[in-house]
Amino acid sequence: AQQMVNWNLLQNATTPDNKPTPGWLFHEICQDVRTNPKDCSDVAEYLMQCICSDQLNVQLKSVLALKHLAAEDITFQQYMLSCPGAIKILQDIAAPPIVPQARSLEPPEVKTVRDATQSAIDAINTPHTVEKQTEAAGLKTRIQGFGNFEPPPEAQEEGKAGVAGQVGDFVADS
């Protein structure tokens, strides 16, 4: 059987509810995409579709997933750099309102999406360096003790716990 990206991870990371996506889930997605480089284009397309959603939560979560992927996976980053159309969409979302009055009327959640989108653009444009990878590895080792990168043990048992388990995970994450 050919291995492919686990779409459940991506769908769970881009849900319309207002629960923040846990850090371990972004980390799993990055590892997953790194293991399946041929799926970069599909993942990028999925995230860009979500980023164009009219639901702010979906937009924000997708932008954050994209930012993590661009920062942590060089193949994904290079794919994004080869998509001027996608970058143009991100730039349009990140652009502040032109009129100062509009800026003061901008809802905070819209500004959050805008700022996150700008940081995703920065992640796409920041070259991966050896130091950065070493630093990330060092940081990962340091963080390991905080349990931030490891999914909660029950998450691996294909979610038998259901919503109650999710709520537990969410409480544990916050």
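See above for the structure.
Residues numbered from 1 in each chain as written. Predicted model: local features only at pLDDT ≥ 70, side-chain atom pairs only at ≥ 80, totals over all residues. Heavy atoms only, no water.

Our focus in this paragraph is the environment of leucine 64. You can see leucine 64 is positioned in helix 4 (residues 56-72). Here leucine 64 is in contact with Phe26 and Ala116, once residues within four sequence places are set aside. (Helix = DSSP H or I, 4+ residues; strand = E, 2+ residues; numbered from the N terminus. Contact = heavy atoms within 4.5 Å.)

What follows concerns the environment of glutamine 118. As for its placement among the helices and strands, glutamine 118 is situated in helix 8 (residues 108-125). Between the C-alpha atoms of glutamine 118 and glutamine 91, which are 27 residues apart in sequence, the distance is 7.3 Å.

Of the positions making up helix 5 (residues 74-81), those classed as buried are Phe76, Gln77 and Met80. For helix 5, the angular spread of buried residues about the axis comes to 100°, placing them on one side. Where helix 5 is buried, its residues touch helix 2 (23-35), helix 3 (40-51), helix 4, helix 6 (84-94) and helix 8. Sitting at the head of helix 5, aspartate 73 places a side-chain oxygen 3.3 Å from the backbone nitrogen of threonine 75. (Buried < 20%, exposed > 50% of the residue type's maximum accessible area, 1.4 Å probe, protein only. Arc of directions from axis to C-beta. Polar contact = N/O pair within 3.5 Å; in protein donor to acceptor, adjacent residues only side chain to side chain.)

We now examine the side chain of arginine 114. Note on placement: arginine 114 falls in helix 8. Residue arginine 114 is classed as buried on the basis of its relative accessible area, which comes to 9%. Polar side-chain contacts of arginine 114 include one of 2.7 Å to the side chain of glutamate 106. Look past the residues within four positions of arginine 114 in its chain and what remains in contact with it is Ile93, Ala94, Ala95, Pro96, Pro97 and Glu106.

Helix packing for two helices is described by the angle between their axes and how far apart those axes are. Axis separation between helix 4 and helix 5 bottoms out at 5 Å; the angle between their running directions is 110°. Overall, the two elements helix 4 and helix 5 adopt an arrangement that is roughly perpendicular. For helix 4 against helix 5, the interelement crossing comes out left-handed. Here Leu66, Leu69, Ala70 and Glu72 of helix 4 come into contact with helix 5, specifically with Ile74, Phe76, Gln77 and Met80. Looking at side-chain class alone, the contact of helix 4 with helix 5 contains six nonpolar, one polar and one charged residues. (Axes fitted to C-alpha atoms, helices over the stretch in contact; angles between N-to-C directions. Parallel < 35°, antiparallel > 145°, perpendicular 65-115°, else oblique. Left-handed = near helix turned anticlockwise from the far one by under 90°. Nonpolar A, V, L, I, M, F, W, Y, C, P; charged D, E, K, R; others polar.)

Within this structure, the stated rule accounts for one aromatic pair. Measuring from ring centre to ring centre gives 5.7 Å for tryptophan 7 and tyrosine 46, while their planes differ by 75°; the resulting arrangement is edge-to-face. One end of the pair, tryptophan 7, is in helix 1 (residues 7-13); the other, tyrosine 46, is in helix 3, with 39 residues separating them in the sequence. Assessed through its relative accessible area of 23%, tryptophan 7 is described here as partly exposed. (Phe/Tyr/Trp six-rings, centres within 6.5 Å; stacked < 30°, edge-to-face > 60°.)

On to the nonpolar core, then. If you look at the biggest cluster of nonpolar residues, it comprises 36 residues, and the most contacted ones within it are Leu47, Leu66, Phe76 and Met80. Secondary-structure elements contributing two or more residues to this core are helix 1, helix 2, helix 3, helix 4, helix 5, helix 6 and helix 8. Top contributing element to this core by residue count: helix 3, with eight residues. Here methionine 80 is in contact with Ala44, Met48, Leu66, Ala86, Ile87, Leu90 and Ile124, once residues within four sequence places are set aside. (Core = buried A, V, L, I, M, F, W, Y, C linked by side-chain atoms within 4.5 Å.)

Residue position: glutamine 77 is located in helix 5. Not counting residues up to four positions away in its chain, the partners in contact with glutamine 77 are Ala70, Ala123, Ile124, Asn125, Thr126, Pro127 and His128.

Take the packing of helix 5 against helix 8 next. Between helix 5 and helix 8, the shortest axis-to-axis distance is 9 Å and the interhelical angle comes to 105°. The angle between the axes of helix 5 and helix 8 places the two elements in the roughly perpendicular class. Facing Gln77, Met80 and Leu81 of helix 5, the residues of helix 8 in contact are Ala123, Ile124 and Asn125. Across the contact of helix 5 with helix 8, the residue classes tally to four nonpolar, two polar and no charged.

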